[in-house]
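# Tertiary structure, described
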Amino acid sequence: MKNRAMLLCIKNEIDTIEEYARKIGVAPDRAESILREQVVLTTEEIEANCKLFNVNANYFLCLVE
């Protein structure tokens, strides 16, 4: 599922998959799949990312600029 996780991690200086995983509450392998846009995100994952990066879901999911 298309998302801005990688871009937002870079902007927020989240340097490792493990750090990102811990911050959104998922396993590192799941976090890597999210960063590579290889999975369909759950509602909880979308909400966790929006909270972490202080963005709305439409922006995070690339539905708006």
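Residues numbered from 1 in each chain as written. Predicted model: local features only at pLDDT ≥ 70, side-chain atom pairs only at ≥ 80, totals over all residues. Heavy atoms only, no water.

## Examining the overall build of the chain
Along its length, the chain carries five helices and zero strands. Ordered by position in the sequence, the α and β elements of the chain form the string α-α-α-α-α. Relative to its length of 65 residues, the chain is compact, with a C-alpha radius of gyration of 10 Å against a globular reference of 11 Å. With respect to the principal axes defined by its C-alpha atoms, the chain has extents near 30 × 25 × 20 Å. Counting all 65 residues of the chain, 38% fall into the buried class. A separation of at least 24 residues holds for 55% of the contacts in the chain among residues at least 6 apart in sequence. A total of about 4200 Å² of accessible surface is found on the chain, and carbon and sulfur atoms cover 49% of it. Put simply, the chain has 8 plus and 11 minus side-chain charges, and the middle of one group is 3 Å from the middle of the other. (Helix = DSSP H or I, 4+ residues; strand = E, 2+ residues; numbered from the N terminus. Rg over C-alpha atoms; globule rule 2.2 N^0.38 Å. Buried < 20%, exposed > 50% of the residue type's maximum accessible area, 1.4 Å probe, protein only. Contact = heavy atoms within 4.5 Å. Areas by Shrake-Rupley, 256 points an atom, 1.4 Å probe, with all protein chains shown as cover. Lys, Arg positive; Asp, Glu negative; His and termini not counted. Charge placed at Lys NZ, Arg CZ, Asp CG, Glu CD.)

## A short note on the packing of helix α2 (residues 17–24) against helix α4 (residues 43–53)
Their axes nearest at 9 Å, the elements α2 and α4 cross at an angle of 105 degrees. For the element pair α2 / α4, the angle class is roughly perpendicular. Where α2 abuts α4, its residues Tyr 20, Lys 23 and Ile 24 lie against Ala 48, Asn 49, Leu 52 and Phe 53. Looking at the contact of α2 with α4, its residues break down into five nonpolar, one polar and one charged. (Axes fitted to C-alpha atoms, helices over the stretch in contact; angles between N-to-C directions. Parallel < 35°, antiparallel > 145°, perpendicular 65-115°, else oblique. Nonpolar A, V, L, I, M, F, W, Y, C, P; charged D, E, K, R; others polar.)

## Description of the nonpolar core
Core analysis: the biggest nonpolar cluster contains 19 residues, and Tyr 20, Ile 34, Phe 53 and Phe 60 have the highest contact counts within it. Secondary-structure elements contributing two or more residues to this core are α1 (5–11), α2, α3 (28–35) and α4. For Ile 34, the residues in contact, after removing those within four places along its chain, are Asn 3, Ala 5, Tyr 20, Ile 24, Val 39, Leu 41 and Glu 45. (Core = buried A, V, L, I, M, F, W, Y, C linked by side-chain atoms within 4.5 Å.)

## So, the packing of α2 against α3
Relative orientation of the contacting elements α2 and α3 amounts to 100 degrees, with a least axis distance of 8 Å. Judged by the inter-axis angle, α2 sits roughly perpendicular to α3. Contact residues: α2 offers Ile 17, Glu 18, Tyr 20, Ala 21 and Ile 24, while α3 offers Pro 28, Ala 31, Glu 32, Ile 34 and Leu 35.

## Looking at the environment of Asn 49
Checked against the element boundaries, Asn 49 lands in helix α4. Its relative accessible area of 0% is what places Asn 49 among the buried residues. Between the C-alpha atoms of Asn 49 and Phe 60, which are 11 residues apart in sequence, the distance is 7.7 Å. Ignoring any residue separated from it by four or fewer positions in sequence, one finds Asn 49 in contact with Ala 5, Tyr 20, Ile 24, Asn 54 and Phe 60. At 2.8 Å, the side chain of Asn 49 forms a polar contact with the backbone oxygen of Glu 45. (Polar contact = N/O pair within 3.5 Å; in protein donor to acceptor, adjacent residues only side chain to side chain.)

## Observations regarding the side chain of Glu 45
For Glu 45, the location among the structural elements is in helix α4. Among the polar contacts made by the side chain of Glu 45, one reaches the main-chain amide nitrogen of Thr 42 at a distance of 2.9 Å. Dropping the residues within four chain positions of it, Glu 45 is found in contact with Val 26, Arg 30, Ile 34 and Val 40.

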